[in-house]
Amino acid sequence: MRLTCPLCGDRDRREFYYYGSDDYLDRPGPEAPASAWDDYLHNRDNPAGITRDLWYHEQGCAQWLAVTRSTVTHEILRVELVAGLKGARE
Amino acid sequence: MPDLIAKPALDAAPVTRGGATLALLDSGPITSIALFPGGEKAASKGLKTIGLTFPGPGTWVAKDAARIVWTGREQAFLIGAPAPALDGAAVTDQSDGWAGFGLSGPGAEAVLARLVPLDLRAAAFPVGRAARAALNHMSLVLLRTGPEAFELYTFRSMARTAWHELVEAMEKLEARAAVKG
């Protein structure tokens, strides 16, 4: 498996650290209800199909990446810099 | 303040094995230039005073002895010259944090092929390219400086290990060439 880092190009999967679902990008506000925190911390979809998760390019540019992939075909559909996503903090 | 005596990262004479020569580099100052959000224009203005521009991802540029190397998103290392006054970026001295090695000769690509998981053939990684990658398990800044020449920078704390592993790869290539006749 290889990921195409937007900065470094095509790289081996072992250069990356897997973190988890991109749910981690939507942290609830401090006043959010307990159910929102429950969702954020514990509840994950487990789709047979398209999913998006976070990877860290540890042995490369040290950037967080949002990787869209298919759990059925193992196809990598898109790799984006988390820093470049809409709403990412400057 | 006491005078500090600059010392090389390790005491090692150049080694030539397996068609490649490995030597320690005396690179001079190394300065990290980490752009603030939207700071590229201001930083480029400062770099222009020494004839350099901020490098794009995976590249390096040089002017005389000074070169600037892409090392990450909105970050570059200025090597071989003191940093000019510039705005728009965090400028920090990294000179004593990194150890530089020069690897050259017809066997240099083959040596790196054993340690760096990148396609480093000239067609894929020509002169002027740079990469953040791994030298075995170590963090690496790699530059191609000539058709048969590379520069490698690792954390200074790992200089001895990096040297050992590079020499080992060179010895194995030499041994293999001897067996082939």
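All right, on to the overall build of chain B then. Assigned secondary structure in chain B consists of 3 helices and 11 strands. Along chain B, helices and strands appear, N-terminal first, in the series β-β-β-α-β-β-β-β-β-α-β-β-β-α. Its C-alpha atoms give chain B a radius of gyration of 17 Å, near enough to 16 Å, the size a compact globule of 181 residues would have. Taking the principal axes of the C-alpha coordinates as reference, chain B spans close to 60 × 45 × 30 Å. Summing over all exposed atoms, chain B offers an accessible surface of approximately 9,200 Å²; the carbon and sulfur share of this is 55%.

A separate point is the sheet that holds strand 9 (residues 130-135) of chain B. All names here are of chain B. A sheet is described by the order of its strands in space; here 6 strands give the open sequence 1-2-8-11-10-9, paired in antiparallel fashion. Each edge of the open sheet carries a strand with a single partner, namely strand 1 (15-17) and strand 9. On average, adjacent strands in this sheet sit at an angle of 25° to one another, irrespective of strand direction. Strand direction decides the pairing type here: strand 8 (residues 98-104) and strand 11 (residues 149-155), joined by 7 bridges, are antiparallel. Among the inter-strand pairings, Phe-101 is bridged to a residue of strand 11, identified as Leu-152.

Attention shifts here to the interface of chain A and chain B. On the chain B side, the residues contacting the 11 residues of chain A number 13 residues. Summing both partners gives a buried area of about 950 Å² for chain A against chain B, and 57% of it is carried by carbon and sulfur. The tally of links from chain A across to chain B stands at 0 salt bridges. Counting across the chain A and chain B interface gives 2 residue pairs in polar contact (both at pLDDT 80 or more). Tallied by class, the residues present in the side of chain A that touches chain B amount to 5 nonpolar, 3 polar and 3 charged.

With that settled, the discussion passes to the domain arrangement of chain B. Where the parts come together, the accessible area they lose is often given as the size of the interface. Residues and elements named next belong to chain B. Domain annotation for chain B reports domain 1 (15-27 + 97-180) and domain 2 (30-95). Between the C-alpha centres of domain 1 and domain 2 there is a distance of 24 Å. Counting residues at the interface gives 13 residues for domain 1, matched by 14 residues for domain 2. A buried area of about 1,200 Å², summed over both sides, lies between domain 1 and domain 2, and 60% of it is on carbon and sulfur atoms. It is Trp-98, Ala-130 and Arg-132 in domain 1 that bury the most area against domain 2; as a group they hold 37% of the surface buried on that side. Linking domain 1 with domain 2 are 1 salt bridge. A salt bridge links Arg-67 to Glu-151; its shortest N-O distance comes to 2.5 Å. There are 10 residue pairs in polar contact (both at pLDDT 80 or more) connecting domain 1 and domain 2.

All right, on to a nonpolar patch on the surface then. Residues and elements named next belong to chain A. Taken together, the side chains of Tyr-17, Tyr-19 and Trp-64 make up a nonpolar region of the molecular surface, amounting to roughly 310 Å² of accessible area. Along the chain, the position of Trp-64 falls in strand 5 (residues 64-70). Exposure remark for Trp-64: the relative accessible area of 33% places this residue in the partly exposed category.

Moving on, we come to the pairing of strand 4 (residues 50-56) of chain A. Residues and elements named next belong to chain A. Across 4 bridges, the pairing between strand 3 (residues 17-21) and strand 4 is antiparallel. Bridge assignment links Tyr-17 to a residue of strand 4, and that residue is Tyr-56. In this structure, strand 4 lies alongside strand 5, joined through 7 bridges in antiparallel fashion. Opposite Asp-53, over in strand 5, you have Val-67 as the bridge partner.

Conventions we followed
Residues numbered from 1 in each chain as written. Chains lettered and ligands numbered in written order. Predicted model: local features only at pLDDT ≥ 70, side-chain atom pairs only at ≥ 80, totals over all residues. Heavy atoms only, no water. Helix = DSSP H or I, 4+ residues; strand = E, 2+ residues; numbered from the N terminus. Rg over C-alpha atoms; globule rule 2.2 N^0.38 Å. Areas by Shrake-Rupley, 256 points an atom, 1.4 Å probe, with all protein chains shown as cover. Pairing = 2+ DSSP bridges. Axes fitted to C-alpha atoms, helices over the stretch in contact; angles between N-to-C directions. Contact = heavy atoms within 4.5 Å. Buried area = accessible area lost by both parts, 1.4 Å probe. Salt bridge = Lys/Arg side-chain N within 4 Å of Asp/Glu carboxyl O. Polar contact = N/O pair within 3.5 Å; in protein donor to acceptor, adjacent residues only side chain to side chain. Nonpolar A, V, L, I, M, F, W, Y, C, P; charged D, E, K, R; others polar. Domains from an automatic or database assignment. Patch = residues over 30% accessible without salt bridge, like charges linked within 9 Å, V, L, I, M, F, W, Y side chains within 5 Å. Buried < 20%, exposed > 50% of the residue type's maximum accessible area, 1.4 Å probe, protein only.

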